Amino acid sequence: MTSAAPLMSVEGLSKVFHTRHGDVNAVDGVSFDVGSGETVALVGESGCGKSTVAMTLLGLEDRSDGIVRINGVEDGADEKSRQKHLGTNLSIVFQNPYASLNPKMKIRDVIAEPLTTAFGLRGKALNERIIKLLADVGLGPEHLKRYPHEFSGGQRQRIAIARALALEPKLLILDEPTAALDVSVQAQVLKLLRDLQDELGLSYLFISHDLATVEYLSRRVMVMYLGRIVETGLVGDVFANPAHPYTRALLDSVPSIDPALRDNLKTLAGEIPSPLNRPKGCAFAPRCYFAEDKCSQSSPNLEPAGQDRDVACFYPIKSTETER
């Protein structure tokens, strides 16, 4: 947790999808804080519930349970007041810039839409604000009358960032914002995000499976598995000395250009269990080299495991322990 009062505080966030095959607990009691001007990353395999967290925070999916506070103010009890409260404080940059922009709208209209809807801007004031937002992301007024298909992937993502900033949010949710981009373009977009954070004092919830980008952009990291947070802490501490076996497995599966580390590459065995049929006890136990009988009988809670570190594991890995 952050030392100062958090900008956003989430308690017991849950999302249950009711299907004909049964209930799916996509997000199961997730709690976390994001400080002012801080970047907190949420990582995990595809299907673990990362994007569902984003959708429920934004009100794009109704949450089943939980409380969200921004600057200490809790969102309303009904869905309309929730969306109004969160919509003026949170915004999102989606993964795919090719799908997130309306292909039939010129870039001026893409950015103008939230400005006219939320602030009622018109005429000169609107044009000046649009040009300023484009300048903030490295684009100029000559781009205003173009359509999305006339831009590269990196430029489209810059436009998406400008649109997200239009409502002057306190916190941006970045849902895999560079995953669909070339590596060289990824670096440019990540640098832009850091520059904007320094300039505007933004907070980020950075959702990603790319641990290298997480290390570059984030201060703290939360590791998610099957809808639950299994480890949290400062990025440098967690990546250098992971306490949860799942975190260790994620790090071991990342290729390295260092020849000395190539033999350390390991793939995580097995697949994420079906959320329709969660294992009894710890959900990671069927894939875990460290599991004992206790792990298959009861589920560990997220507990303190040192300074600025929480872990949900009965047998956390010690800093000097590499195998068992």
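Scroll up to find the structure this text is about.
Attention in this report is confined to the structure presented alongside it. (Residues numbered from 1 in each chain as written. Predicted model: local features only at pLDDT ≥ 70, side-chain atom pairs only at ≥ 80, totals over all residues. Heavy atoms only, no water.)

So, the overall build of the chain
Stated precisely, the cut-off is as follows: Runs of H or I in DSSP of at least four residues are treated as helices and runs of E of at least two as strands, each being numbered from the N terminus. Under the scheme applied here, a residue whose accessible area is under 20% of the maximum for its type counts as buried, over 50% as exposed, and between as partly exposed, the area being computed with a 1.4 Å probe on protein chains only. The Shrake-Rupley method, run with a 1.4 Å probe, gives the accessible areas here. Residue values count only the displayed protein chains as cover.
A count of helices and strands for the chain gives ten helices and twelve strands. Sorting the 324 residues of the chain into buried and exposed places 48% on the buried side. When the accessible surface of the chain is summed, it comes to about 16000 Å², and 49% of that surface belongs to carbon and sulfur atoms.

Description of the sheet that holds strand E1 (residues 8-19)
The test is simple: At least two bridges found by DSSP between two strands are what make those strands a pair. Any two residues whose heavy atoms approach within 4.5 Å at even a single point are treated as in contact. Each axis is a line fitted through C-alpha atoms, and for a helix only the stretch in contact is used; angles between axes span 0 to 180 degrees, taken between their N-to-C directions.
Pairing within the open sheet is antiparallel, and its four strands lie in the order E2-E1-E4-E5. Each having just a single partner strand, strand E2 (22-34) and strand E5 (73-74) make up the two edges of the open sheet. As defined by bridge partners, E1 adjoins E2 across nine bridges and the pair is classed as antiparallel. Within the sheet, the bridge partner assigned to Val 16 lies in E2 and is Asn 25. Sheet strands touched by helix H1 (residues 50-58): E1, E2 and strand E4 (65-70). Its angle to E1, the strand with the most contacts, is close to 105°.

Focus on the pairing of strand E8 (residues 203-208)
Of all six residues in E8, six are buried, a share of seventy percent or more. Here five bridges tie strand E3 (residues 39-43) to E8, and the two strands are oriented parallel to one another. Bridge pairing links Leu 42 to Ile 207 in E8. Where strand E7 (residues 171-175) meets E8, five bridges bridge the pair, whose relative direction is parallel.

A few points about the side chain of Ser 203
The topology assignment puts Ser 203 in strand E8. Take Ser 203: its relative accessible area is 0%, and that puts it in the buried class. Contact partners of Ser 203, with chain neighbours within four places excluded, come to Leu 7, Val 34, Gly 35, Ser 36, Gly 37, Glu 38, Lys 170, Leu 171, Leu 172 and Gln 197.

Concerning the pattern of salt bridges
In plain terms, the rule: Think of a salt bridge as a Lys or Arg side-chain nitrogen and an Asp or Glu carboxyl oxygen that are within 4 Å of each other.
The final tally for this structure, using the stated rule, is 13 salt bridges. The shortest N-O distance in the salt bridge between Lys 124 and Glu 128 comes to 3.9 Å. Placement of the pair is Lys 124 and Glu 128 together in helix H5 (residues 123-136), with a separation of four residues, close to one helical turn. Given a relative accessible area of 63%, Lys 124 falls into the exposed group. Here Glu 231 ties to Arg 309 by a salt bridge, and the two come within 2.8 Å at their closest N and O atoms. Here Glu 231, found in strand E10 (residues 228-234), pairs with Arg 309, found in strand E12 (residues 309-311); they are 78 residues apart in sequence, far enough to count as distant. The same class applies to Glu 231 as to Arg 309, namely buried. Counted as one network, the salt bridges with shared partners bring together Glu 38, Arg 219 and Arg 220.

Overview of the side chain of Thr 213
Defined as follows: Definition of a polar contact: a pair of N or O atoms within 3.5 Å, with one able to donate and the other able to accept a hydrogen when the atoms are protein atoms, and with sequence-neighbouring residues admitted only if both atoms are side-chain atoms.
By the element assignment, Thr 213 lies in helix H8 (residues 211-217). You can call Thr 213 buried: its relative accessible area is 6%. At 3.5 Å, the side chain of Thr 213 forms a polar contact with the side chain of Ser 208. In this structure Thr 213 touches Thr 178, Gln 186, Leu 190, Phe 206 and Ser 208, once residues within four positions along its chain are discounted.

Quick notes on the sheet that holds E10
Read across the sheet, eight strands follow the order E6-E7-E8-E3-E9-E10-E12-E11 without closing on themselves; strand pairing throughout is mixed. Each edge of the open sheet is held by one strand with a lone partner, namely strand E6 (90-93) and strand E11 (303-304). Here strand E9 (residues 220-225) runs beside E10; their pairing, made up of six bridges, is antiparallel. The residue of E10 that forms the bridge with Met 222 is Thr 232.

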